[in-house]
Amino acid sequence: MITHLTADDRGIILPCPACGTANRIIYSKAALQGRCGTCKAELPHVAAPVEIASASDFAALMAQSKLPVLVDFWAPWCGPCQMMAPEFAKAAAKAAGAAILVKVNTDERQDIASQFRVQGIPAFALLKDGRLVAQTSGFQPADRLLAWMHSY
Ligand SMILES: [Zn+2]
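Residues numbered from 1 in each chain as written. Predicted model: local features only at pLDDT ≥ 70, side-chain atom pairs only at ≥ 80, totals over all residues. Heavy atoms only, no water.

K.L.:
Outline the overall build of the chain, listing residues and values.
P.N.:
When helices and strands are tallied, the chain shows four helices and eight strands. The C-alpha radius of gyration of the chain comes to 15 Å, within 12% of the 15 Å expected for a compact globule of 152 residues. If you line up the chain on its principal axes, its C-alpha atoms span 45 × 30 × 25 Å. Each of the 152 residues in the chain was classed as buried or not, and the buried ones make up 46%. Expressed as a percentage of contacts within the chain between residues at least 6 apart in sequence, the contacts between residues at least 24 apart total 60%. As displayed, the chain offers around 7400 Å² of accessible surface, 53% of which is attributable to carbon and sulfur atoms. Separation between the mean location of the 14 positive side-chain charges and that of the 12 negative ones in the chain comes to 7 Å. (Helix = DSSP H or I, 4+ residues; strand = E, 2+ residues; numbered from the N terminus. Rg over C-alpha atoms; globule rule 2.2 N^0.38 Å. Buried < 20%, exposed > 50% of the residue type's maximum accessible area, 1.4 Å probe, protein only. Contact = heavy atoms within 4.5 Å. Areas by Shrake-Rupley, 256 points an atom, 1.4 Å probe, with all protein chains shown as cover. Lys, Arg positive; Asp, Glu negative; His and termini not counted. Charge placed at Lys NZ, Arg CZ, Asp CG, Glu CD.)

Rendered as C-alpha cells:
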C-alpha cells in the first residue's frame, strides 16, 4: 500500500499499479480517472496523502484543483501528529475521488504554515475553489475528520 504520494507544480505523481510508471495527475483533472501513459491501465483515484514539497506546488494545487483540498499541518517531533498520520491516511483512502488530502511539514514549509497562521499542530485547513473554507486542530479519528470536512 502506498503511504504517501509526491507532487510538483503541475500535479500529483501517481505510480501505475500495473507497471509502476510514474504518471502525473494534473491538479485540474484529479477528480477524473486517467489511464497509464505506458501500459494504458486505468489509474486509481488518488487515495493516499500527498506530501507538499514547496509553496509554489501548493499554490498550484490550491488554484487548480476542482476537488476540495484538506491540508494536514504536521511536524516530525509532534507526538499527536504521529498518531494522526494513520488516521489521515485512512481519511485519504475513504475520500478518494472526492477530495485531495495533503500533508505540509511545518518545519520545512513555514511559508505555507504562516500563510494559514498555523499555531498548534496537528492542524487542518479545508480549501475549496482556491479559498480557505475552514480550519480546525488537534488529533481526530479519520471518520470525525471526514465528517468535519463534509459539513462544509
Ligand atoms: Zn502502467
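K.L.:
A description of the coordination of the zinc ion should follow, citing residues and the corresponding values.
P.N.:
Protein coordination at the zinc ion comes from Cys16 (SG), Cys19 (SG), Cys36 (SG) and Cys39 (SG), with a distance range of 2.3 Å. Angles of 104 to 115° at the metal separate the four donor atoms of the zinc ion, which places the site in the tetrahedral class. Read in sequence order, the donor residues coordinating the zinc ion give the pattern C-x2-C-x16-C-x2-C. Of this pair, cysteine 16 sits in the loop between strand E2 (11–15) and strand E3 (22–26) while cysteine 36 sits in the loop between E3 and strand E4 (50–51); the two residues are 20 residues apart in sequence, bridging distant segments of the chain. One exposure class covers both cysteine 16 and cysteine 36, and it is buried. (Donors = N, O, S within 2.8 Å, 3.2 Å for Na, K, Ca; no water. Tetrahedral: all angles 85-135°; square planar, octahedral: opposite > 155°, others 65-115°.)

K.L.:
Pulling in residues and values, what's your account of unusual backbone geometry?
P.N.:
Here the bond from isoleucine 121 into proline 122 is cis, since omega is 0°, no more than 30 degrees from zero. Examined against the element boundaries, proline 122 turns out to sit in the loop between helix H3 (110–115) and strand E7 (123–128). Although it is not a glycine, lysine 40 adopts a positive phi angle of roughly 70°. With respect to the helices and strands, lysine 40 occurs in the loop between E3 and E4. A positive phi angle, close to 50°, is found at arginine 117, a residue other than glycine.

K.L.:
So what's going on with the nonpolar core? Residues and values would help.
P.N.:
As a rule of thumb, nonpolar side chains are buried together in soluble globular proteins. Residues Phe58, Val71, Phe73, Val102 and Phe116 are the most contacted members of the largest nonpolar core, which totals 37 residues. Among the secondary structure elements, those contributing two or more residues to this core are E2, helix H1 (55–64), strand E5 (69–74), strand E6 (100–105), H3 and E7. Leave out the neighbours within four places in its chain, and valine 71 touches Phe58, Phe88, Val102, Val104, Ala123, Phe124, Ala125 and Leu127. (Core = buried A, V, L, I, M, F, W, Y, C linked by side-chain atoms within 4.5 Å.)

K.L.:
Summarise the environment of cysteine 36; cite the residues concerned and give the values.
P.N.:
The class of cysteine 36 is buried, set by a relative accessible area of 1%. Residues cysteine 36 and glutamine 82, 46 residues apart in the sequence, show an inter-C-alpha distance of 33 Å.

K.L.:
Please give an account of helix H4 (residues 142–150) that cites residues and values.
P.N.:
When we look at burial in H4, the residues that qualify are Ala142, Leu145, Leu146, Trp148 and Met149. The buried residues of H4 occupy an angular sector of 155° when projected down its axis, which confines them to one face. Pointing more than 90 degrees away from the buried face of H4 are the exposed residues Arg144 and His150. (Arc of directions from axis to C-beta.)

K.L.:
Summarise the sheet that holds strand E8 (residues 131–137); cite the residues concerned and give the values.
P.N.:
Two modes of strand pairing occur in sheets, parallel and antiparallel, and in both the strands are linked by backbone hydrogen bonds. If you walk across this open sheet you meet the five strands as E4-E6-E5-E7-E8, and the pairing is mixed. Each of the sheet's edge strands pairs with one partner strand only, and the pair in question is E4 and E8. In terms of strand pairing, E4 meets E6 through two bridges, oriented parallel. By the bridge assignment, valine 50 is partnered in E6 with valine 102. Each of E5, E6, E7 and E8 is contacted by H1, which is oriented at about 155° to E6, the strand it contacts most. The strands that H4 touches are E5, E7 and E8; relative to E7, the one it contacts most, it runs at about 35°. (Pairing = 2+ DSSP bridges. Axes fitted to C-alpha atoms, helices over the stretch in contact; angles between N-to-C directions.)

K.L.:
Which residues make up helix H2 (residues 79–94), and what are the values?
P.N.:
The end-to-end C-alpha distance of H2 is 24 Å, a good match for the 22 Å that 16 residues give at a rise of 1.5 Å each. Of all the bends found along H2, the most pronounced is centred on alanine 85 and spans about 35°, while proline 86, a proline, follows it within four residues. All buried positions along H2 are accounted for by Cys81, Met84, Glu87, Phe88, Ala89, Ala91 and Ala92. Contacts made by the buried residues of H2 are with E5, E6, E7 and H4. (Expected span 1.5 Å × (residues − 1). Bend = angle between axes of the 7 residues up to and from the residue.)

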